[in-house]
Amino acid sequence: MFLISCPYCGVREQSEFKAGGEAHIERPKQPTELSDGEWAEYLFMRKNIKGIQLERWNHAHGCRKWFNAVRDTTNDEIKAIYKMGEKPPTI
Amino acid sequence: MSKNLRVQTSKFIDETTNISFKFNGKTYYGFKGDTLASALLSNDVHLVGRSFKYHRPRGIMTAGSEEPNAIVQTNNNTALTEPNVRATEIEIYEGLEASSQNCWPSVKFDIGGINNFLSPLLPAGFYYKTFMWPANFWEKYEYVIRHSAGLGKSPKEPDPDIYDHRYIHCDVLVIGAGITGIMAAKTAAKNNLKTLLLDEKTELGGTTIYQDSDHIKINNQSSSAWLENEITELKKLNNLEIKTRTSVAAYHGYNYLLARENLTDHLSNNDKQNKIRQRLLKIRAKKVIVATGSLERPMVFNNNDRPGIMLSSAVKKYADYYGVATGQKNIFFTNNDTAYESAISINNKGIKVEAIVDIRENPNSEFTKEAENLGIKIYRNHTVVDTHGYKKLNNISIMELSKDGQSFANSNIITLDCDCLGMAGGWTPAVHLFTQSGGKLKFRDEDQVFIPNKYPSDQVSVGSCNGDFELDEIINNTSKSLKEFLNINKTDFDNLDVQCPKDKEIRNIWLLPSNKVLGKTKPFVDYQNDATAKDIKLALREGFKSIEHVKRYTTTGMGTDQGKLGNMHALGIIADTAGIKVGELGTTTFRPPYTPLTFGTMVGRNVGEYFDAFRRTPMNDWHIENKAEFENVGQWKRAWYYPQNNETMHDAVQRESKAARDSAGILDASTLGKIDIQGTDASEFLNRVYTNAWSKLAIGKCRYGLMLNEDGMVYDDGVTTRLEENHYIMTTTTGGAANVLGKLEDYLQTEWPELDVYLSSVTDHYATASVCGPNSKKILNKIIPDLDLSDENFPHMSFKNAKIDNIKCRVMRISFTGEHSYEINVQANFGKSLWEKCMDAGQEFKITPYGTETMHLLRAEKGFIIVGQDTDGTMTPIDLQMDWIVSKKKYDFIGKRSLYRSDTMKEDRKQLVGLITDNPSEVLEEGAQIVANTNPTPVEMLGHVTSSYYSPNLNKSIALAVVRGGKNMMGRKLIIAMENKNINVTIVDPVFFDKENVRLNA
Amino acid sequence: MKNKYSIFSLIKNAFSYHENWQKAWKDPAPKKEYDAVIIGGGGHGLATAYYLAKKHNMKNIAVVEKGWIGGGNTGRNTTIIRSNYLWDASTGLYDHALKLWEGLSQEINYNVMFSQRGVMNLAHNLQDIRDLKRRTHGNRLNGIDAVYLSTEEVKKFCPIINTSPDIRYPVLGGTLQRRAGTARHDAVAWGYARGADEMGVDIIQNCEVKGIKRNGDEVEGIETTKGFIKTKKIGVVAAGHSSVLANMAGLRLPLESKPLQALVSEPVKPIIDTVVMSNAVHAYVSQSDKGELVIGAGTDDYISYSQKGSHDIVEGTLNAILELYPIFSRMKMLRQWGGIVDICPDASPIISKTGVKGLYFNCGWGTGGFKATPGSGDLFAHTIANDEPHKLNAAFNLNRFVSGDLVDEHGAAAVAH
């Protein structure tokens, strides 16, 4: 059970957080302009990275803020945390 | 009469306190401080159990938690019974009853012992190769297999004991309170670090605390005396917590560890009562010092499993710590000096040591000399080739080894009488926790051990678990490691004068040669699972190469001891057979827990009423007082119906439903989710999350909204009210409230951060009573006389702020029943008085409280959906015939794009319809399937019944259903295909009652 | 020809101290080229190879496995086998598998210990009842055995369940599929491997795929730690690692890989003679032939390839177990472990062609792939051999995520697959 450092609250148990999957998948601004295939890419297709992943977390049992993390999915080590809207740090 | 083998007094045993206990029905006596194993041995009882597969007689092999053989059932046939308890761990207490497992009728005469004779037919994996004929007989074979497998018996009654959890945050956790653990804890605590020291044993001090060899000294004291002093000093320190009888079970990432503290298992049944039995410690440590020591290895040779054959370190511990002789004629069998230490020690206590059989060619250390001086015969370069004695060891056969150790120098067999054989096969560092934490091992060829290589977190291993086996190197390396690890300049142990023997010679032969063909021997590697060296070789022969394959095929290491004794031998034998080095093979994964953990401990207090707390509304007490039956909805307890005078549920619901339409009904709607939405962009936000348009909703008006998932499927629904220009209150379904809030926050924070919107869950802040029916207006008028209830001032789908006796309330005129209806919201703590006030005011109209069942019936009459009942995550609003709620004008909303995919646009999707039965009194089963034809199998199914009731207001059965292409099938006759009958139904419009909504405005 | 396994061969070999058993499978070096290569030596991959050789006469094929065969989710699951799913497409798929299970030991001459001790699914609230009845009626009309049980019938079938109405999640009813049950997980992989090997399939272990080589829209072969292997057909059956392989071919899949945990208790004498599943409280339990209680826990909600889940998940599962089986409180957890499961948005698998010619994926089984092993292998073999899906796996194509024609089994599959 790993620890996550919420950028608003500090270090907390992972169980306080809800995972939000791959980060930086922006909701299309004009969905109606997309083909079914392009919409499916947004909706369902994921990189599902083994290794360093940029991902979303929500401090669900805390401040309820969403933020991003850089985590190595092979060993669950969190490399960095950054707020929504910020650019991912280079690892 | 059994013999008393207590040979000397011990400071660890309280000989003034006699304790009686029963083993296999017979009463024995031991002392306070004894384990069941030491007490049995002191009574000359060696035969403790039967093995898993061959039912071979087994005794006590070890003196610790690695015990594979001596496992018993305690307190059989009581609620306090526990299977598979290690006799070497459980401390005896007054009233303890223990019995042997896996034997029938008794451990002395076990029918299952026949398996030992059938063993030629039962090699590793035999069950994969047979029991296949005749094909349908497997379950009969399996019945026999299942009943002969298993060890102890599961309890049959609920557990009367209490368990607990505790969270501990510390600077330094020290695992193991042997000499290095004591050193580590003292050093950490003295450096102002909040320290926790844990040990699975009863006493601190590990093996050193009963060490009495003259050869081992610290600062000219015996090592045990020195350590005793250290412990005394240690206990005086602040910021140190010490817990014994506490076993670390799991070491997870980020230094998160679980330990089980045993609090009452050693107490008498009387003293146990009302106390916490075991506590799970959930430890988050900044730093961890692993000082878990090492486990002695057995030796693998033919018939190495008889009662009386045990580890040499166990022989020593029973003598030195418990004062018990494990035999009267002892022989040791060794590949290193450990056995000499044990032999000399017990010899000095007057316990007879006949001989030491040493596989080393020419051992010649201080220890060997001393042993010889004591008159102990040493058989150098000899190995045990066989043992005899069915229920107790009688004698052993030994032969002289050849140069390479793989065969014999000659054919002479020497037979030596003995009743105890102490095996000393070297030491295996206890790296289990280290590897659980993700640590990587390296193999040290000199003495064939795996030791820690790379630490995955802030931790260090010290002592013999780190591969240091001689006391001087243990102390010096530990001191050095502590300084580095804790970043300090000195420890109390920098300049100790340590004397100990230096001979490290070891001759490692994983599988000792036999004078018989391997196939005829039983050299056990995993005692508990009866896996032998020949099983391992068979697996290799059959192409199982990976250690994991061999382990699974032979079940080596899969017993309750998880192979603590035999795993290294399995690796060694595989490596030798394959002609590679053990280091290249790698180890199997050590999986948590280190020692088995009761479910009770894992669960702690989270049982019964604390398993998952209910949420109850402020009116709950009233419902209970008025005999409501309850339905669990999400986390909530909701009043389901209110039976009167022994009414059935059906009768109660019919009465409630009729009353609500005929006069007045009242529903506790407090559980509906409520989200307060504020901000200048609140309207725009609602536009994006609901399918319909919100910008033009006037202040004081309410609107029903449908929320979709991004995949276009209906997600939730509810009425949202515009309280002020920039202030809305949204209601959600009871079960969906938390998820809806989460979803809205997600979009708001991550997709639309530019919107000025604030969300607060206020579900618990309000209590809601919904008053409906033709007389609802009159009742409301009595409660809130100064509120103008005229349709002009307060029409359907609108909202008013009001006061009931100075208490602020929000009143919405909205309806889920189709009746003229008001929802009154007050601050939660006034909920019950609001309810009672409504009941009082409604008395003259026979206001009838109704529960969820009646609510469901009434809304079904109106064709209103319940998300989750009439939808299943695959229904679009179009499928629900709710096209009217999907804005064509809005550019976008959550889920909109998905409604235009090729499949979601299909005409023949499953669509919501109404059903009526040909026989109006026949009520359909919810979940029943709808077909056009009942043949052939597989029958083509068109849909299913989602909601079904007998409507007292229509005097007929009605149902909602989803049917493929149902929208265009009005009037079609279809069949409900039940198991034993077909029911004829007709598809109708889903609105059954008051299609024109006359009553809403009445 | 291999030794046939039987009691007679066992007796015969006993006389020679079991020295003469042949290898269950060889350990060949990869050839330069195969007609088809299956990536992933789990149960599904080995079954695929077996049926390609057996039914489609493709013998020049290989299974490449980065570790040891059966070492992934095949060897890490709770071995539940059933076919009582919600949608027709699913019941078709899983019952096809169940029928194959029924004759599998004889088919591959390897006792996979398929034990039809029944699977019960419990209902804990009114909606559970509706959902389970819907499923039961659907199963019956699809020709699949399934009955709905009252609380009393649940208690009768499995007396140790706490059916008191006063508990947090009272048992309000349940379903029973009697043909369902469990099997010996390792045996399935080993049995298919032995069978495939006998027909000439190369089973190549410790061979990790490093790249999938494409020539435009066609596959050309795979780069592995044992060199390049040329092939025109690649079937990927890599479970939790499917996305990793898809990425090698330049594809993305609708998958997330998450940790799934399970645990066993110490072995005890028979105490529970069926499989009981409860979605509402996330608990499912059976007892192995060895006597261990086999308990499945849930998945964590984050992507991870670490094979380690969080402790909370296991603790939560045991909370639920003790709610339903308070007599197990003094039983002890012997071992816990994790696997990596690849989960589709609709909780249904993918057995499909892709946009790349010659590249096929069999993935997305989530928490419940074991039960489908024979059927999955058979249908995937059909798909690879014919470059067209079989009608039983047609619905499980990749295009459903574009068209929206999902097979949403969340209700029936949920956590407790």
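Just so it is clear, the structure is predicted and the values come from calculations on it, not from any experiment. Counting restarts for each chain, with residues numbered from 1 along the sequence as it is written. Just so you know, chain letters begin at A and ligand numbers begin at 1, following the order they were written in. Local features in a predicted model are, by the rule used here, given only for residues with pLDDT of at least 70; side-chain atom pairs are given and counted only at 80 or more, and totals for whole chains, interfaces and linings are based on all residues. Excluded from the side-chain calculations are hydrogens and water; all other atoms, namely the structure's heavy atoms, are used.

Visitor: Can you tell me about the overall build of chain C, naming the residues and giving the values?
Guide: The helix and strand labels rest on DSSP assignments: H or I over at least four residues marks a helix, E over at least two residues marks a strand, and numbering proceeds from the N terminus. A count of helices and strands for chain C gives 12 helices and 20 strands. A compact globule built from 417 residues would reach a C-alpha radius of gyration of about 22 Å, and chain C, at 21 Å, matches this within 12%. Overall size of chain C, expressed as C-alpha extent along the three principal axes, is 65 × 65 × 40 Å. Out of the 417 residues belonging to chain C, those deemed buried represent 71%. A separation threshold of at least 6 residues defines the contact pool for chain C, and within that pool the share at least 24 residues apart is 75%. In short, Shrake-Rupley with a 1.4 Å probe defines the accessible areas, and a residue's cover is counted only from the protein chains shown. Surface summary for chain C: the accessible area is close to 12,200 Å², and the carbon and sulfur share equals 53%. Considering chain C, the positive charge centre built from 47 side chains and the negative charge centre built from 42 side chains are found 4 Å apart. Values of the radius of gyration come from C-alpha atoms, whereas the globule rule sets the reference at 2.2 Å times the count of residues to the power 0.38. Exposure categories follow from relative accessible area, calculated using a 1.4 Å probe and restricted to protein chains: below 20% of the type maximum is buried, above 50% is exposed, and the middle band is partly exposed. In what follows, residue pairs with any heavy atoms lying within 4.5 Å of each other are defined as contacts. We count Lys and Arg on the positive side and Asp and Glu on the negative side, and we leave His and both chain ends out. Each charge is placed at NZ for Lys, CZ for Arg, CG for Asp and CD for Glu.

Visitor: Break down the overall build of chain A for me, citing the residues and quoting the values.
Guide: Across its full length, chain A carries one helix and six strands. Listing the helices and strands of chain A from first to last along the sequence gives β-β-β-α-β-β-β. Across its three principal directions, the C-alpha atoms of chain A cover 40 × 30 × 25 Å. Across the 91 residues that make up chain A, the buried fraction comes to 47%. Considering only contacts in chain A between residues 6 or more positions apart, those separated by 24 or more positions represent 44%. Counting 14 positive and 13 negative side-chain charges, chain A places the centres of these two groups 5 Å from one another.

Visitor: Give a description of unusual backbone geometry that names residues and reports values.
Guide: Residues and elements named next belong to chain B. Each neighbour pair has its own omega, and for Trp-133 with Pro-134 the value is -15 degrees, a cis peptide bond. Position of Pro-134 among the secondary structure elements: in the loop between helix H3 (126-129) and helix H4 (138-148). Asn-935 connects to Pro-936 through a cis peptide bond whose omega is -15 degrees. Its identity is not glycine, yet Asn-645 carries a phi of approximately 45 degrees, on the positive side. Mapping Asn-645 onto the fold places it in the loop between strand S34 (636-641) and helix H19 (649-662). Residue classification places Asn-645 among the exposed residues on the basis of a relative accessible area of 76%. The phi angle at Gln-881 is positive, at roughly 60 degrees, despite the residue not being glycine. The residue Gln-881 is located in the loop between helix H24 (852-861) and strand S46 (910-917) in this model.

Visitor: Let's hear about a nonpolar patch on the surface: which residues, and what values?
Guide: A patch is a set of surface residues, each over 30% in relative accessible area and not in a salt bridge, joined within 9 Å for like charges and within 5 Å for the nonpolar side chains Val, Leu, Ile, Met, Phe, Trp and Tyr. A side-chain nitrogen of Lys or Arg and a carboxyl oxygen of Asp or Glu constitute a salt bridge if their distance falls within 4 Å. On the surface, C:Ile7, C:Phe8, C:Ile11 and C:Phe15 cluster together to form a nonpolar patch covering roughly 450 Å² of accessible area. Here C:Ile11 is to be found in helix H1 (residues 7-15).

Visitor: Hey, could you go over the interface of chain A and chain C for me, with residue numbers and the actual values?
Guide: The partner chain C presents 26 residues to the 27 residues of chain A that form the contact. We define buried area as the total accessible area lost by two parts upon association, computed with a 1.4 Å probe and summed across both. When chain A packs against chain C, close to 2,100 Å² is buried across both sides, 52% of that on carbon and sulfur atoms. Any pair of N or O atoms that falls within 3.5 Å is considered a polar contact. Within protein, one atom must be able to donate a hydrogen and the other to accept it, and sequence-neighbouring residues count only if both atoms are side-chain atoms. At the boundary of chain A with chain C, the tally comes to 13 residue pairs in polar contact (both at pLDDT 80 or more). Those elements giving two or more residues to the side of chain A that touches chain C turn out to be strand S3 (18-22), helix H1 (36-43) and strand S4 (52-58) of chain A. Each residue gets one of three labels, nonpolar for Ala, Val, Leu, Ile, Met, Phe, Trp, Tyr, Cys and Pro, charged for Asp, Glu, Lys and Arg, and polar for the others, Gly among them. Across the side of chain A that touches chain C, the residue classes break down as nine nonpolar, nine polar and nine charged.

Visitor: Let's hear about the nonpolar core: which residues, and what values?
Guide: Generally speaking, nonpolar side chains in soluble globular proteins are found buried as a group. Take the buried residues of types Ala, Val, Leu, Ile, Met, Phe, Trp, Tyr and Cys, join any two whose side-chain atoms come within 4.5 Å, and each joined set is a nonpolar core. Ranked by internal contacts, the top residues of the largest apolar core, which has 200 residues, are B:Leu36 and B:Ile396. When sequence neighbours within four positions are dropped, the list of residues in contact with B:Leu36 reads B:Phe21, B:Val72, B:Ala87, B:Ile90, B:Ile92, B:Leu96 and B:Ala98. Formed by 43 residues, the second largest nonpolar core is a distinct cluster that contains B:Leu597, B:Phe611, C:Val154 and C:Phe328.

Visitor: Account for the interface of chain C and chain B, with residues named and values stated.
Guide: Counting from both sides, the interface comprises 100 residues of chain C and, opposite them, 120 residues of chain B. Of the roughly 9,500 Å² buried where chain C meets chain B, counting both sides, 56% is carbon and sulfur surface. The interface formed by chain C and chain B contains 14 salt bridges. The salt bridge partner of C:Arg134 is B:Asp872, with a shortest N-O separation of 2.9 Å. The tally of links between chain C and chain B comes to 62 residue pairs in polar contact (both at pLDDT 80 or more). For the side of chain C that touches chain B, a count of residues per class yields 45 nonpolar, 28 polar and 27 charged.

Visitor: Any chance you could break down the pairing of strand S43 (residues 807-813) of chain B for me, citing the residues and the numbers?
Guide: Residue and element names in this part refer to chain B. Across the seven residues of S43, five count as buried, placing the element largely inside the fold. Pairing between two strands requires that DSSP report at least two bridges joining them. Of the strand pairs in this sheet, strand S42 (residues 798-804) and S43 are connected by seven bridges, and their pairing is antiparallel. If you follow Ile-804 over to S43, its bridge partner there is Ile-807. Connecting S42 to the antiparallel partner S43 that follows it, the hairpin turn spans two residues, and Asp-805 within it adopts a positive phi of roughly 45 degrees.

Visitor: Before we move on, could you go through the sheet that holds strand S7 (residues 97-100) of chain B and cite the residues and values that matter?
Guide: Residue and element names in this part refer to chain B. With respect to topology, five strands assemble into an open sheet ordered S2-S1-S7-S5-S6, the strand pairing being mixed. Two strands close off the open sheet at either side, each with one partner strand: strand S2 (26-32) and strand S6 (82-86). Shown here is a sheet whose adjacent strand axes are inclined to one another by a mean of 40 degrees, direction ignored. Whenever a helix is involved, its axis is fitted only over the stretch in contact; in every case the axis is a line through C-alpha atoms, and angles between N-to-C directions fall within 0 to 180 degrees.

Visitor: Run through the packing of aromatic side chains, naming residues and quoting values.
Guide: All names here are of chain B. For this analysis, a ring pair means two rings from Phe, Tyr or Trp (six-membered ring only for Trp) whose centres lie within 6.5 Å, classed as stacked if their planes differ by under 30 degrees, edge-to-face if by over 60, and tilted for the remaining angles. Applying the stated criterion across every chain, the model contains 49 aromatic pairs over all chains. For the pair Phe-137 and Tyr-141, a centre-to-centre distance of 6.3 Å together with 65 degrees between the ring planes defines the contact as edge-to-face. Residue class for Phe-137 comes out partly exposed when judged on its relative accessible area of 34%. Here the aromatic rings of Tyr-690 and Trp-694 are separated by 4.9 Å at their centres, their planes lie at 25 degrees, and the arrangement is stacked. For the residue pair Tyr-690 and Trp-694, the accessibility class agrees, reading buried in each case. Above the plane of the ring of Phe-485 lies Lys-287, whose end atom (NZ or CZ) is 4.2 Å from the centre. Only lysine NZ and arginine CZ atoms are considered, and such an atom sits over a ring when it is within 6 Å of the ring centre and within 35 degrees of the ring normal.

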